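Read off the chains here:
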Amino acid sequence: LATHIPHCTIMFCSLSNAGDEKDKGDLIDDVAEFQDLDAIYRDFDDLVNLSVLYKYQHVGPWYIITCPNAAEPFKDGNAPAARAHTHTQRCLHAKEQTYTHEVALLAHKMVLHAKRHGKHAHIGIHTGSAAGAVLGKVRAFYCVYGETVNLASRICSICEESSIRASEAFVTNFTQHARTHTHTRVDFIS
C-alpha cells in the first residue's frame, strides 16, 4: 500500500550538548543524561500534540515531524487529518496546504525547550513531494521517503547550534502563505 504525497513538509531535529564539542546525536553518557533526553523528548511530544502536526518517528538522534498530509496520506484522498480540520477551513486548499507556519512555530518552540535543558536543537525543514507506504507483512509499519525527507535530514545535519535551517522551497511556501498567517514570525537561514 503506497501513495504519492505531492505537498508535504518534513522537519528533522537533532540535539547536541551545550558547550560540548561532541557530534550531534552523540549525547548519552550516563543515566542522568538519558533521563534528561527523555524529558526533552516528552516536552517535544507535548508540543506536537498541541499542534496540527505529527511526530513521524523518533529514531536514534532524530526527532522527525510531518505535516498532516504526510502523516495520514490515505485518509480522504490525502486530505489533512481531522484534528487539523478547523485550521484548514481558514486555508486556501487543504490538499495544497503544507503547514509551513505551524512547522516554523513548532521548530522555534523546540529550540527554546532544548535550550532550557542545556541542549542545542539543530532543525532542518523542507517542503516538497514524498511517498508514503505501509511496508512489511509480519510487522507492518508506515514509512515516508523520498527527496523531501532526505533533504530535510541533510539540512538538519549542517545546522549550527540552536538554529533552524529551511530549504528555499520551504521559505518560498512560507512567504506565499504569509498573507493568511500574519500572526507567525520566524526568521530563517536558507
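Look up a bit, the structure's there.
Rules used throughout
- Numbering of residues starts from 1 in every chain and runs along the sequence as written.
- Side-chain atom pairs in this predicted model are given and counted only at pLDDT of 80 or more, local residue features only at pLDDT of at least 70, and totals for whole chains, interfaces and linings cover all residues.
- With hydrogens and water stripped out, all remaining heavy atoms of the structure feed into the side-chain values.
- Runs of E in the DSSP output that reach at least two residues are strands. Runs of H or I that reach at least four are helices, and both are numbered from the N terminus.
- Expected helix span is given by 1.5 Å per residue-to-residue step, counting one fewer step than there are residues.
- Remark: exposure states derive from per-residue accessible area (1.4 Å probe, protein chains only) relative to the maximum for the residue type, with buried under 20%, exposed over 50%, and partly exposed in between.
- The arc in question is formed by the directions pointing from the helix axis toward the C-beta atoms.
- Only heavy atoms matter for contacts: two residues are in contact if any of them lie within 4.5 Å across the pair.
- By convention in these notes, a salt bridge is any Lys or Arg side-chain nitrogen within 4 Å of a carboxyl oxygen on Asp or Glu.

Peer 1: I'm lost on helix α1 (residues 31-49) in this one. Help?
Peer 2: Under the 1.5 Å per step criterion, the end-to-end length of α1 is 27 Å for 19 residues, consistent within 8% with the ideal 27 Å. Among the residues of α1, those classed as buried are Glu33, Leu37, Ile40, Tyr41, Phe44, Leu47 and Val48. An end-on view of α1 places all buried positions within 110° of arc, on one side of the element. Facing away from the buried side of α1 by more than 90 degrees, the exposed set consists of Val31, Ala32, Gln35, Arg42 and Asn49. Looking at the buried residues of α1, the elements they touch are β1 (2-17), β2 (54-59), β3 (62-66), α4 (100-116) and β4 (119-135).

Peer 1: How do you make sense of the pattern of salt bridges when you look at a structure like this?
Peer 2: When their charged atoms lie close together, side chains carrying opposite charge are able to pair. Applying the stated rule across the entire model yields four salt bridges. With its nearest N and O atoms 3.1 Å apart, the salt bridge here joins Lys55 to Asp45. Here Lys55, found in strand β2, pairs with Asp45, found in helix α1; they are 10 residues apart in sequence, far enough to count as distant. For Lys55, a relative accessible area of 35% corresponds to the partly exposed category. Taking the relative accessible area as the measure of exposure, Asp45 reaches 23% and is therefore partly exposed.

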